[in-house]
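Report on the structure
What follows is the residue order along each chain.
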Amino acid sequence: YSSSPKCTFISPFPRPRCLAAAAPAGKAKLTHPGKAILAGGIAGGIEICITFPTEYVKTQLQLDERANPPKYRGIGDCVKQTVQSHGVKGLYRGLSSLLYGSIPKSAVRFGVFEFLSNRAKDESGRLDSTRGLLCGLGAGVMEAVLVVCPMETVKVKFIHDQTSANPKYKGFFHGVREIIRAQGLRGTYQGLTATVLKQGSNQAIRFFVMTSLKNWYKGDNPNKAINPLVTGVFGAIAGAASVFGNTPLDVIKTRMQGLEAHKYKSTLDCAVKILRYEGLAAFYKGTVPRLGRVCLDVAIVFIIYEEVVKVLNTVWKTD
């Protein structure tokens, strides 16, 4: 029967052409950078309002140097003393500075990531893990230079200022004005090297893990929908990986941006002094509160980001 005209007609050779013609329909949809910027900004603003108290506690513990001697005995004691001295709103001191930074930070991060990843994806629209890492690295470096370093410096100075006997910053704009007046624009760019290292490695790890997990979940179908709860779990895993990967850089960055940053000549000098006078364990100070905050942070951001993008896709046609 193999030589019959009928068999020749249904020969498998023409089929690849049909599949090739249909391939574009199965290609993963690209996210327009404009949508990513808007969705990222919205996600960042909501997330920081939810998780700020844990960020406050983490920063206080990192600034609580052993030589002082320590003011707090742990996470619970830090929360207790803060509430006793300043009320519950004390846990939100410095929120304005971080909120002003969180919105543009997430906007830049997702905007740059989508811009880079759209150019790094293969013909089917799939982004492999290695390229996801590199795109995340690029996004992290850009957000560090444009947003994170100046905003984090102001935030740390605000929180550190509260621990002094006579706080001098009355609000976000007053604080920024005073910092620039006393130290110039450089005063808002303290610890730039540590911040670039921290944010670059942070986003590289997160997007690497997130890309790997999403590729595994979607399998051969790049357009397979992901449940928001699954996105949250993936985000939490990515967040945990980034915490264990770069907490030492976070500690160094916080010290370099505090009110006593003048004690350190450089990022390397800061690392050496922490190791010499406080030991290796000091590099992981504040890990527990940071772990809880970051896992929740990344999970919330990715869930809100993905859902906002879905909404934007229905009202903002960019194809």
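Residues numbered from 1 in each chain as written. Predicted model: local features only at pLDDT ≥ 70, side-chain atom pairs only at ≥ 80, totals over all residues. Heavy atoms only, no water.

When you line up the elements, tyrosine 92 lands in the loop between helix H4 (75-86) and helix H5 (95-120). When the C-alpha atoms of tyrosine 92 and phenylalanine 52 are compared, they prove to be 6.6 Å apart, with 40 residues separating the residues in sequence. Ignoring anything within four residues of it in the chain, the contact list for tyrosine 92 reads Cys49, Phe52 and Pro53. (Helix = DSSP H or I, 4+ residues; strand = E, 2+ residues; numbered from the N terminus. Contact = heavy atoms within 4.5 Å.)

Applying the stated criterion across every chain, the model contains eight salt bridges. Linking aspartate 128 and arginine 131 is a salt bridge whose minimum nitrogen-to-oxygen distance equals 3.9 Å. Aspartate 128 gets classed as partly exposed once you look at its relative accessible area, which sits at 30%. For arginine 131, a relative accessible area of 39% puts it in the partly exposed group. Linking lysine 273 and aspartate 269 is a salt bridge whose minimum nitrogen-to-oxygen distance equals 3.4 Å. Residue lysine 273 and its partner aspartate 269 are located together in helix H10 (residues 267-278), separated by four residues, close to a single helical turn. Classification of lysine 273 as partly exposed rests on a relative accessible area of 24%. (Salt bridge = Lys/Arg side-chain N within 4 Å of Asp/Glu carboxyl O. Buried < 20%, exposed > 50% of the residue type's maximum accessible area, 1.4 Å probe, protein only.)

Together, Leu133, Leu134, Leu137, Val141, Met142, Val145, Leu146, Ile180, Leu185, Tyr189, Leu192 and Phe208 make up a nonpolar patch on the protein surface, roughly 960 Å² of accessible area in all. Put simply, the parts of the chain that give the nonpolar patch at least two residues each are helix H6 (129-162) and helix H8 (192-218). Considering each element in turn, the nonpolar patch owes the most residues, seven residues, to H6. You can see leucine 146 is positioned in helix H6. (Patch = residues over 30% accessible without salt bridge, like charges linked within 9 Å, V, L, I, M, F, W, Y side chains within 5 Å. Areas by Shrake-Rupley, 256 points an atom, 1.4 Å probe, with all protein chains shown as cover.)

Angle between the axes and distance between the axes are the two parameters that describe a pair of packed helices. Contact pair helix H9 (residues 228-257) / helix H11 (residues 287-315): the axes reach a minimum separation of 7 Å and the direction vectors enclose 140 degrees. One finds that H9 runs oblique with respect to H11. Viewed along their axes, H9 and H11 form a crossing whose handedness is right-handed. Residue classes in the contact of H9 with H11 are distributed as 12 nonpolar, eight polar and four charged. (Axes fitted to C-alpha atoms, helices over the stretch in contact; angles between N-to-C directions. Parallel < 35°, antiparallel > 145°, perpendicular 65-115°, else oblique. Left-handed = near helix turned anticlockwise from the far one by under 90°. Nonpolar A, V, L, I, M, F, W, Y, C, P; charged D, E, K, R; others polar.)

As a further point, take the layout of surface pockets. In this structure, the largest pocket occupies an estimated 1,100 Å³ of space. Those elements giving two or more residues to the lining of the largest pocket turn out to be H5, H8 and H11. For the lining of the largest pocket, the per-class residue count stands at 14 nonpolar, 12 polar and 13 charged. The two domains that each donate at least three residues to the lining of the largest pocket are domain 2 (104-190) and domain 3 (191-310). (1 Å grid on protein atoms, 1.4 Å probe; cavity = no way out; pocket = protein on both sides within 12 Å on 5 of 7 lines; lining within 4 Å. Points joined across faces, edges and corners; volume = space filled by probe spheres on them. Domains from an automatic or database assignment.)

Looking now at empty space enclosed by the protein. Any empty space left between the atoms is revealed when a probe the size of a water molecule rolls over them. Counted under the stated rule, the structure contains four cavities of 30 Å³ or more. In this structure, the largest cavity spans a volume of roughly 200 Å³. If you trace the largest cavity, you find 20 residues lining it, with Lys105, Glu152, Lys198, Arg293 and Asp297 closest to the centre. Counting residues per element, the ones that place at least two in the lining of the largest cavity are helix H3 (33-63), H5, H6, H8 and H11. When the residues that make up the lining of the largest cavity are grouped by side-chain class, the tally is four nonpolar, five polar and 11 charged. A volume near 40 Å³ is recorded for the second largest cavity. Lining the second largest cavity are Leu98, Gly101, Ser102, Lys105, Val147, Val148, Met151 and Glu152. Elements supplying a minimum of two residues to the lining of the second largest cavity: H5 and H6. Taken together, the residues of the lining of the second largest cavity sort by class into four nonpolar, two polar and two charged.

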